[in-house]
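Understanding the architecture of this molecule
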Amino acid sequence: MSVTSANPQALPAAKPTYRALAGVRLLLALFAAFVPVLVSLLLIALTPHMTPNRFYPFKSDEITYWHQIATFREAGFNGGYNAIDEIPARAAFSHFATKGPVFPVLYGSIARVVGWYPESGGVFNSAFMTLGLLIFIAASRPTIRQLLILSALLATFWPVLLYLFTMMQEGI
C-alpha cells in the first residue's frame, strides 16, 4: 500500500499566496521601522515617575543643541555665535559650534513650522529614525526573515534606545 492518498479529491496543502506574503512583509516592515520608538516608549513607561514629555535637555551638549535649534528657528543664520571657549567657526557663514550647522539647521527649519519646545528633541529624533528606517527598508527590500532579524537588532541596540528621546544627534 502506498503512502499517498488514494482519494483523488484530496486537496494538496495550500501554499501562502503572494498577496498574503506581501501583506505580512508590509506589516513586518512597519513594525521594524517603529520598533525603536515602541521599545523606547516601553522602557520609559517601565521607569517610575517618567514620561516622554519629561525628557528635557540637561547635559551640556543637549542644552547647546537645543539652544542652537531654537536660535535658528527664530533668526536663521543671523542668530549670533554659539561657540566653545568663545572661538567662532572658521566658516564665516556658520555661527554654530564645532559640530557644524546641519543638525540645528535641519531641526530649526522644521521647528519654524511646527514649533520648538523643551521635549521636542525626542519627538523629532523619533520621527527621523522612523522615516530613515522606512526609507532603508523600501530601498533594501528585505525578506521576511531579514525583517525579523532587523526588528530584533533594533529592539536590542541599546545606543539607539538610550539616545532616541534625548536632544542628542546620536539618537538619529
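Residues numbered from 1 in each chain as written. Predicted model: local features only at pLDDT ≥ 70, side-chain atom pairs only at ≥ 80, totals over all residues. Heavy atoms only, no water.

As for the packing of aromatic side chains
Overall, the coordinates contain nine aromatic pairs when judged by the stated rule. The interplanar angle of 45° and the centroid separation of 4.4 Å between the aromatic rings of phenylalanine 103 and tyrosine 107 together place this pair among those described as tilted. Taken together, the residues phenylalanine 103 and tyrosine 107, both in helix H3 (residues 102-114) and four residues apart, mark about one turn of the helix. With respect to class, phenylalanine 103 is no different from tyrosine 107; both count as buried. Ring-pair connections join several aromatic residues into one group, and the members of that group are Tyr65, Trp66, Phe103, Tyr107, Trp116, Phe124 and Phe128. For the cation-ring pair, arginine 112 lies above phenylalanine 72, with the distance from its terminal atom to the ring centre recorded as 6.0 Å. (Phe/Tyr/Trp six-rings, centres within 6.5 Å; stacked < 30°, edge-to-face > 60°. Helix = DSSP H or I, 4+ residues; strand = E, 2+ residues; numbered from the N terminus. Buried < 20%, exposed > 50% of the residue type's maximum accessible area, 1.4 Å probe, protein only. Lys NZ or Arg CZ within 6 Å of the ring centre and 35° of its normal.)

Considerations on the side chain of serine 126
You can see serine 126 is positioned in helix H4 (residues 120-140). In this view, serine 126 contacts Val37, Leu164 and Phe165; residues no more than four positions away in its chain are not counted. (Contact = heavy atoms within 4.5 Å.)

Considerations on the packing of helix H2 (residues 60-75) against H3
Direction vectors running N to C along H2 and H3 enclose 55°, while the axes themselves pass 8 Å from each other. Considering the angle they form, H2 stands oblique to H3. Classified by chirality, the crossing of H3 by H2 is right-handed. Residues Tyr65, Gln68, Ile69, Phe72, Arg73, Glu74 and Ala75 of H2 form the contact with H3, whose participating residues are Phe103, Pro104, Val105, Tyr107, Gly108, Ser109, Ala111 and Arg112. Across the contact of H2 with H3, the residue classes tally to nine nonpolar, three polar and three charged. (Axes fitted to C-alpha atoms, helices over the stretch in contact; angles between N-to-C directions. Parallel < 35°, antiparallel > 145°, perpendicular 65-115°, else oblique. Left-handed = near helix turned anticlockwise from the far one by under 90°. Nonpolar A, V, L, I, M, F, W, Y, C, P; charged D, E, K, R; others polar.)

Considerations on the confidence of the model for the protein
When pLDDT is averaged across the protein, the result is 86; 90% of the residues are at 70 or more. Averaged pLDDT values over the elements of the protein bottom out at 89 in H2 and peak at 96 in helix H5 (residues 144-156). (pLDDT = per-residue confidence, 0-100.)

Some words on the nonpolar core
Soluble, globular proteins show a tendency: their nonpolar side chains are buried together. Within the largest apolar cluster, 16 residues are counted, with the highest numbers of intra-cluster contacts made by Ile137 and Leu147. Ranked by the residues each element gives to this core, the list is headed by helix H1 (residues 18-46), at seven residues. Beyond its immediate chain neighbours, meaning those up to four positions away, isoleucine 137 contacts Arg25, Ala29, Ala32, Ala33, Pro142, Leu147 and Leu150. If you look at the next biggest cluster of nonpolar residues, it comprises 10 residues, including Ile69, Phe103, Trp116 and Met167. (Core = buried A, V, L, I, M, F, W, Y, C linked by side-chain atoms within 4.5 Å.)

Things to note about the environment of alanine 75
With respect to the secondary-structure elements, alanine 75 resides in helix H2. Note: C-alpha distance between alanine 75 and glycine 122 (47 residues apart in sequence) is 23 Å.

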